[in-house]
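# Coordinates in review
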Amino acid sequence: MTRTQLILAILVLIIIIGAAAYFLTLPPAATPTPTSPTTTPTTTPTEMTTPPTTTVPAKKTLRVFLTAPIQMDPAVILDWASYQSVQNTYDTLVRLGLAGDIDPKLGLAERWDVSSDGLTYKFYLRKGVKFHSGRELTSKDVVFSMERLLKIGQGPAAIFAPIVDSIKAIDDYTVEIKMKQVYGPFLYALSTFYVLDSEEVKQHIKPTGEYGEMGDYGKEWLLTHDAGSGPYKIKEHLVGERLVLERFKDYWGYVNPNAPDEVTILPAPEAATQVSMLLRKEIDITYTLPAETIKEMMGREGVGVSNQLFGQQFVFVLNTKRPPLDDVHIRRALAYALDYEQARKAFLEEFSQPAIGPVARYIPGAPKDVTYYTRNLALAREELRKSKYYNELDKYPIELWWCAEAAFEEKPSVVFATSVMELDPKLKIEVVKKPWASIYDATFKVESTPHITVLLSTPWFPEVGSYLELKFHSKYAGKSLIHVSWLLNSTIDKMIDDALSTVDQSARFSKYKNILEVINSMVPEIVAFDYGMAVLYRKDYIISWPAGEGKPPYAVQYMYDFRFMELKG
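So, a few notes on the structure that sits alongside this text. (Residues numbered from 1 in each chain as written. Predicted model: local features only at pLDDT ≥ 70, side-chain atom pairs only at ≥ 80, totals over all residues. Heavy atoms only, no water.)

### Topic: the overall build of the protein chain
The test is simple: Numbering of helices and strands runs from the N terminus; a helix is a DSSP stretch of H or I covering at least four residues, while a strand is a stretch of E covering at least two. For each residue, the accessible area found with a 1.4 Å probe, counting protein chains only, is set against the maximum for its type, and the residue is called buried under 20%, exposed over 50%, and partly exposed in between. Surface accessibility in these figures is a Shrake-Rupley result with a 1.4 Å probe; residues are shielded only by whichever protein chains are displayed.
Of the regular secondary structure elements, the protein chain holds 17 helices and 20 strands. Relative to its 569 residues, the protein chain shows a buried fraction of 52%. Just so you have it, the protein chain exposes about 25900 Å², and 54% of that area is on carbon and sulfur atoms.

Right, here's the structure in full:
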């Protein structure tokens, strides 16, 4: 029964009950005086009536496979699965809209002001937003959440600690943030800042903790509970086993009338089990599966394949300090040698697209008119001949590491090695399977970082500046998997700093284009393709899933925004 039908049913029931009550309370009718001729009264049999019944709408449930364990504290989240869960239980100060820009209708701040020097932001909060506790959200909760985030210093704090100087409440609905430095994409970055119920957290602080009078800052309690205002709240969280979310009926924002009432998130078993459970309708959305499995299931009745775009790229990162890759001509030769089309086919061609460089083409700020490398063996050989290593290529074998836990990385890696063999047999790439832990440890130092590392690149927040700063600014070198190319180029650093300090969006985006063109010419990495994360889902049950169908907004945390889903009624 739809909500409209339910309301009509209730109204009808009220009318029936009201009419019955009316007639039951009427005074008895006057007894008529018999007149001649007298007639014998007849008795009409009493009809048996069925009492009115109401139908309780069936609860709409959704079952999803994700990775485990899931971290539910917004101050410590880092991984993709945790972001999916937290964004359903908390609201952010601002949020991206369908056009990829900041939409004031979707966040806690209805509007904001930025000072002329770009160092002071004032946010004006919408009134009447309720936390799951029933208390109204005010500016003191925003202040508490930012101070807690910075004090804990984990997860999204890496974005805000270098740039946020102070935060204070002007009144109940106005918040002021002072910046240490101008940071152009600050509003985009705030799409990862979640607001907590300060009173609820304080009530559950564990006195013994590393944060002084704040004890553990509520970290232990927030692992299994929430203090949010989002469209869903935690019903149950058995860490590593099951997370159950239920609809928050007093949510202030939009929720599809046929969105799930309850969502159960489970750790993903191996691929065959996931597929089997999907076909038996025991699970509604699988986790990522091998390309072969996705291809086998495409077109199967009742099964849909989502294409989740949030800025992912399949990247061969080059260590620019290890011979022969310290020569830009070798790096360009490799970029021209790669058979990009075959690499995409080796992955999942249907859910990938050519890249424009080290940023996904659909991320806010990505230029539309930048061209990238395509396979051209003539140009590759021309670059190779310019290299100082040209006459001794066989003395410099190249190792390419791919992650043992990500089997889908192997085939594109083999395509890369084969492509280079076709360029010049003396230039050899050895494809090496390495455990994730080994790759992680090796990339802290330039001398242990392999020649080439396969990385699946995703930005912290959806804006080009996030990509550029993390991947190419020298301040992130030695931070393991963040900056693996060891570009260490002061000119690039200055260009990135200049762009990030530009508040005017149009001017900032223009600077991004210049940076990308310079970086592409230096080839610190070769982007094989942009891709979407493909998962299987029950198309006969999930009628609409905008983000899962590859529609905007393209942000890592919005893929499983359950309130926008529509389930079969």
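Next, the rest of the story.
### Some points on the packing of aromatic side chains
Worth spelling out the cut-off: Centres within 6.5 Å make a pair out of two Phe, Tyr or Trp rings, where for Trp the six-membered ring is used; the pair is then stacked when the planes are under 30 degrees apart, edge-to-face when over 60, and tilted otherwise.
Going through the model one piece at a time under the given rule, you end up with 27 aromatic pairs. Here Tyr121 and Phe123 contribute two aromatic rings whose centre-to-centre distance is 6.1 Å and whose plane-to-plane angle is 5°, an arrangement assigned as stacked. One exposure class covers both Tyr121 and Phe123, and it is buried. With 4.5 Å between their ring centres and 40° between their planes, Phe316 and Phe416 make a pair best called tilted. Taken together, the residues Phe316 in strand E12 (residues 313–318) and Phe416 in helix H13 (residues 410–423) connect sequence positions 100 residues apart.

### Considering the side chain of His132
We apply this condition: Each polar contact in these results corresponds to two N or O atoms within 3.5 Å; when the atoms are within protein, one needs to be able to donate a hydrogen and the other to accept it, and residues that are neighboring in sequence are counted only if both atoms are side-chain atoms. Whether two residues are in contact is decided by their heavy atoms, any of which lying within 4.5 Å being enough.
By the secondary structure assignment, His132 is in the loop between strand E4 (120–125) and helix H3 (139–152). Polar contacts involving the side chain of His132 include one to the main-chain carbonyl oxygen of Gly230, which spans 2.9 Å. Engagement of the side chain of His132 in a polar contact is seen with the backbone oxygen of Tyr232, the distance being 3.4 Å. What His132 contacts, discounting residues up to four positions off in sequence, is Thr89, Asp226, Gly228, Ser229, Gly230, Tyr232, Lys233 and Phe248.

### Description of the nonpolar core
Nonpolar side chains in soluble globular proteins tend to end up buried together. Quick reminder of the rule: Here, the term nonpolar core denotes a set of buried Ala, Val, Leu, Ile, Met, Phe, Trp, Tyr and Cys residues that are joined through side-chain atoms within 4.5 Å.
One finds Phe186, Ile526 and Tyr560 to be the most contacted residues of the largest nonpolar core, which totals 170 residues. Filtering out sequence-adjacent residues up to four positions away, Tyr560 remains in contact with Val64, Leu66, Trp80, Gln84, Gln87, Asn88, Ile285, Thr286, Gln308, Val535, Trp545 and Met565.

### Notes on the environment of Arg332
When you line up the elements, Arg332 lands in helix H10 (residues 328–337). Taking the C-alpha atoms as reference, Arg332 lies 8.9 Å from Tyr373; in sequence the two are 41 residues apart.

### Concerning H13
The cut-off we apply is this: Expected helix span is given by 1.5 Å per residue-to-residue step, counting one fewer step than there are residues.
The first and last C-alpha atoms of H13 sit 20 Å apart over 14 residues, in line with the 20 Å expected at 1.5 Å per residue. Those residues of H13 not exposed but buried are Pro412, Ser413, Val415, Phe416, Ala417, Ser419, Val420 and Leu423.

### Some details on the packing of helix H16 (residues 490–500) against helix H17 (residues 505–522)
To keep it simple, the criterion reads: Here an axis means a line fitted to C-alpha atoms, over the contact stretch when the element is a helix, while the angle between two N-to-C directions is reported on a 0 to 180 degree scale. Throughout this description, any angle smaller than 35 degrees is read as roughly parallel, any larger than 145 degrees as roughly antiparallel, any in the 65 to 115 degree range as roughly perpendicular, and the remainder as oblique. Helix crossings get a hand from a simple test, with the near helix turned counterclockwise from the far one by less than a right angle marking a left-handed crossing and a clockwise turn marking a right-handed one. Each residue gets one label: Ala, Val, Leu, Ile, Met, Phe, Trp, Tyr, Cys and Pro are nonpolar, Asp, Glu, Lys and Arg are charged, and the others, such as Gly, are polar.
Where H16 contacts H17, the two axes come as close as 9 Å, and the packing angle between them is 160°. Taken together, the axes of H16 and H17 are roughly antiparallel relative to one another. Remark: the crossing between H16 and H17 carries left-handed chirality. Contacts between H16 and H17 pair Ile492, Met495, Ile496, Asp498, Ala499 and Leu500 from the former with Arg508, Lys511, Tyr512, Asn514, Ile515, Val518, Ile519 and Met522 from the latter. Along the lines of polarity and charge, the residues of the contact of H16 with H17 split into 10 nonpolar, 1 polar and 3 charged.

### Description of the sheet that holds strand E17 (residues 525–531)
What counts is decided by this rule: Strand pairing is assigned whenever DSSP detects at least two bridges linking the two strands.
Strand order across the open sheet formed by 6 strands is E13-E17-E12-E16-E14-E15, with mixed pairing between neighbours. Strand pairing shows two members of the sheet lacking a second neighbour, strand E13 (352–353) and strand E15 (429–434), which therefore form its edges. Relative to E17, E13 is paired through 2 bridges, and the arrangement is antiparallel. By the bridge assignment, Gln353 is partnered in E17 with Asp530. Docked against the sheet, H13 engages E12, strand E14 (398–403), E15, strand E16 (452–457) and E17, running at close to 165° with respect to E15.

### Remarks on H10
Across the 10 residues of H10, 7 count as buried, placing the element largely inside the fold. Those residues of H10 that are buried are in contact with E12, helix H11 (340–347), helix H12 (377–386), H13, H17 and E17. Taking the backbone nitrogen of His329 as reference, a side-chain oxygen 2.8 Å away marks Asp327 as the first, capping residue of H10.

### Examining the sheet that holds strand E3 (residues 109–114)
On the basis of which strands lie adjacent, the open sheet formed by 4 strands has the order E3-E4-E6-E5 and antiparallel pairing. In the strand order of this sheet, the two ends are held by E3 and strand E5 (164–171), each with one partner. Pairwise comparison of adjacent strand axes, ignoring direction, gives a mean angle of 20° for this sheet. Bridge count for E5 against strand E6 (residues 174–179) is 6 bridges, and the pairing is antiparallel. Note on E6: the bridge partner recorded for Val164 is Met179. On top of the sheet, H3 reaches E4, E5 and E6; it is set at about 165° to E5, its chief contact.

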